[in-house]
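Examining the three-dimensional arrangement
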Protein chains: 2
Amino acid sequence: MSYQESLAALADPTRRQVFETLARAPGPVGQIAKSLPVSRPAVSQHLKVLSDAGLVVARQDGTRRIYSVDPKGLAELRRWLDGFWTDVMDRFASEINTLEPKDD
Amino acid sequence: MSYQESLAALADPTRRQVFETLARAPGPVGQIAKSLPVSRPAVSQHLKVLSDAGLVVARQDGTRRIYSVDPKGLAELRRWLDGFWTDVMDRFASEINTLEPKDD
DNA sequence: GCTTACCGTAAGTAATGTCTTACCAAGAAT
DNA sequence: ATTCTTGGTAAGACATTACTTACGGTAAGC
């Protein structure tokens, strides 16, 4: 549930595929596994990591678990990235002003 | 030079520390290594990964290499995340409309 | 009730990734 | 010219991670 966890979770290619699949449409574990070149338990393990990072949530439907994207983790990652971006840009601007002080 | 590379690069804690250190202020390899609990070659290797992802750039200064954040990789990551975010939000909105069709 | 479909977890293995020391090259300093 | 500083790269040790098969547990279908 931190941006660090989100980054680590989304770094792995197949785990990211799981996530992007769920973004297109929610679905049960078995269905996702069938569309990927890995076993169902592997998908389950990826879903646990994504879940711990707050990137997906599951709702129970009988014996099936329907997973879908949770905006929470995504929002957190976005918040960090946007803050970082403005920081970097601010430093860039002040750096340029230092080199070319046109407003003295 | 893709959002995949950026995600993978920023997933590692110490590599992210290298990156965040450079975001605060550009600097040579040795200086960064001194502020971190890893050796200088380790920092060099991390910088290579960050560089390949377009997250940092180096400018040569005699025998030293001054690394600084490259907005390019950061911008790419931001673009992907923002696109993803709006996609997810759109699906959320249409999902709600499907369940509660108040505007028929 | 019995079987079938669905899924999480455990255990072990294979693959990746991160770190260290050792080495080499290039410019700065004396 | 030699020495010192700086840093990239190679090789190998170590840790982490992703995958597989095997198992158990719960709900649906007949």
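Calculation criteria
- Residues numbered from 1 in each chain as written.
- Chains lettered and ligands numbered in written order.
- Predicted model: local features only at pLDDT ≥ 70, side-chain atom pairs only at ≥ 80, totals over all residues.
- Heavy atoms only, no water.
- Helix = DSSP H or I, 4+ residues; strand = E, 2+ residues; numbered from the N terminus.
- Contact = heavy atoms within 4.5 Å.
- Buried area = accessible area lost by both parts, 1.4 Å probe.
- Salt bridge = Lys/Arg side-chain N within 4 Å of Asp/Glu carboxyl O.
- Polar contact = N/O pair within 3.5 Å; in protein donor to acceptor, adjacent residues only side chain to side chain.
- Core = buried A, V, L, I, M, F, W, Y, C linked by side-chain atoms within 4.5 Å.
- Buried < 20%, exposed > 50% of the residue type's maximum accessible area, 1.4 Å probe, protein only.

This part is about the environment of G27 of chain B. Residue and element names in this part refer to chain B. On the secondary structure map, G27 appears in strand β1 (residues 27-28). Distance from G27 to R15, taken between C-alpha atoms, is 15 Å for residues 12 residues apart in sequence. G27 has contacts with L22, I32, R65, I66 and Y67, leaving out every residue within four places of it along the chain.

By a widespread convention, an interface's size corresponds to the accessible area lost as its parts come together. Facing 25 residues of chain B, the contacting portion of chain A comprises 25 residues. Together, the buried faces of chain B and chain A total about 2600 Å²; carbon and sulfur atoms form 75% of this surface. Three residues, R78, L81 and W85 of chain B, lead the burial of chain B against chain A; their summed loss comes to 23% of the area buried on that side. At the junction of chain B with chain A, the criterion picks out two salt bridges. As a salt-bridge pair, D82 of chain B and R78 of chain A come within 2.7 Å of each other at their nearest N and O atoms. Remark: the boundary between chain B and chain A carries eight residue pairs in polar contact (both at pLDDT 80 or more).

Turning our attention to the nonpolar core. As a rule of thumb, nonpolar side chains are buried together in soluble globular proteins. The biggest cluster of nonpolar side chains holds 54 residues, and the ones touching the most others in it are F19, L47 and L50 of chain A together with F19, L47, L50 and L55 of chain B. The contacts of L50 of chain B, once residues within four sequence positions are left out, are A9, L10, R15, V18, F19, L55 and V56 of chain B.

This part covers the pattern of salt bridges. Residues and elements named next belong to chain A. Enumeration over the complete set of coordinates arrives at eight salt bridges over all chains. The residue D70 makes a salt bridge to K72 at a minimum N-O spacing of 3.7 Å. Judged by relative accessible area, which is 44%, K72 ranks as partly exposed.

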